[in-house]
Amino acid sequence: MERAPLCEVSLSLWNKLWNSKILEHHKVLWWSILSNALSVRAVIRKRFLIEDASCPLCGMGEESLEHLFLSCEVELHVWRSSPWGIYPICDTGIRCGIWSNSSGT
């Protein structure tokens, strides 16, 4: 717990997530995103010396949660073709926690 990142997600959003009628592994994915628990290169770079933190999918920016889920051109196509019906807002500077509050999780 000492190494867990501070989370800016409200208790009401956590309750909404865990009580929602989505698949359990989707809940875990949302928890990972909102908790900043995914091992993206931006997070790894803070702990270990890595030379390249750029996105391995598009190469256009640092691989962060916001880039991967909200602005990566390659992932944009994956999200839009998914059965979830999620359409990320690209290049707005929005943070994942704010986006999740407005996306109807």
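Sequence positions are assigned chain by chain, starting from 1 and proceeding in written order. Given that this is a predicted model, residues contribute local features only at a pLDDT of at least 70 and side-chain atom pairs are listed and counted only at 80 or more, while totals for whole chains, interfaces and linings are drawn from all residues. Remark: hydrogens and water are excluded; side-chain values derive from all non-hydrogen atoms of the structure.

In the nomenclature of an unreviewed UniProt entry, the chain corresponds to Reverse transcriptase zinc-binding domain-containing protein from the organism Cannabis sativa.

Examining the confidence of the model for the chain
What counts is decided by this rule: A residue's pLDDT is the predictor's confidence in that residue, given on a scale from 0 to 100. The secondary structure listing takes helices from DSSP runs of H or I that are at least 4 residues long and strands from runs of E that are at least 2 residues long, numbered from the N terminus. Between two residues, a contact is recorded if the distance between any of their heavy atoms is within 4.5 Å.
For the chain, the average pLDDT comes to 76, and 70% of its residues sit at 70 or higher. Model confidence for the chain, summarised as mean pLDDT per element, is weakest for helix 6 (residues 96-102) at 51 and strongest for helix 3 (residues 41-47) at 87. With pLDDT under 50 throughout, residues 1-5 is counted as low confidence; its partners more than four residues away or in other chains account for three contacts.

Some thoughts on a nonpolar patch on the surface
Where we set the bar: Patches here: salt-bridge-free residues with over 30% relative accessible area, like charges joined within 9 Å, nonpolar side chains (Val, Leu, Ile, Met, Phe, Trp, Tyr) joined within 5 Å. Note on areas: Shrake-Rupley, 1.4 Å probe, and residue coverage restricted to the protein chains presented here. Salt bridge, as used here, is a side-chain nitrogen of Lys or Arg placed within 4 Å of a carboxyl oxygen of Asp or Glu. Buried, partly exposed and exposed residues are distinguished by accessible area as a fraction of the type maximum, computed with a 1.4 Å probe on protein chains only: under 20%, between the cut-offs, and over 50%, respectively.
A surface patch of nonpolar side chains, amounting to about 280 Å² of accessible area, comprises Trp-18, Val-28 and Trp-31. Its place among the elements puts Trp-31 in helix 2 (residues 24-34). Accessibility expressed as a relative area gives 35% for Trp-31, which makes it partly exposed.

Concerning helix 2
Where helix 2 is concerned, the buried positions are His-26, Lys-27, Trp-30, Ser-32, Ile-33 and Leu-34. After helix 2 finishes, the residue Asn-36 shows a positive phi value of roughly 60°.

Section: the side chain of Lys-27
Stated formally: The definition of a polar contact used here is a pair of N or O atoms within 3.5 Å, where within protein one atom must be able to donate a hydrogen and the other to accept one, and adjacent residues in sequence count solely through side-chain atom pairs.
Relative to the assigned elements, Lys-27 resides in helix 2. A polar atom in the side chain of Lys-27 sits 3.0 Å from the backbone oxygen of Trp-18. The residues touching Lys-27, leaving out its near neighbours within four places in the chain, are Leu-17, Trp-18, Ser-20 and Ile-22.

Some words on the packing of helix 1 (residues 11-18) against helix 2
Inclusion rule: Lines are fitted to the C-alpha atoms to define the axes, a helix being fitted only along its stretch in contact, and any angle between axes, read from their N-to-C directions, falls within 0 to 180 degrees. Any angle from 65 to 115 degrees is called roughly perpendicular, while one under 35 is roughly parallel, one over 145 is roughly antiparallel, and all others are oblique. When the near helix sits turned anticlockwise from the far one by under a right angle, the crossing is termed left-handed; a clockwise turn instead gives a right-handed crossing. Residue type decides the class: Asp, Glu, Lys and Arg count as charged, Ala, Val, Leu, Ile, Met, Phe, Trp, Tyr, Cys and Pro as nonpolar, and the leftover types, Gly among them, as polar.
Two elements in contact, helix 1 and helix 2, have axes whose closest approach is 10 Å; the angle formed by their N-to-C orientations is 160°. Of the possible angle classes, the one that applies to helix 1 and helix 2 is roughly antiparallel. Relative to helix 2, the crossing made by helix 1 is right-handed. Note on element contacts: helix 2 touches helix 1 through Lys-27, Val-28, Trp-30, Trp-31 and Leu-34, opposite Leu-13, Trp-14, Leu-17 and Trp-18. When the residues that make up the contact of helix 1 with helix 2 are grouped by side-chain class, the tally is eight nonpolar, no polar and one charged.

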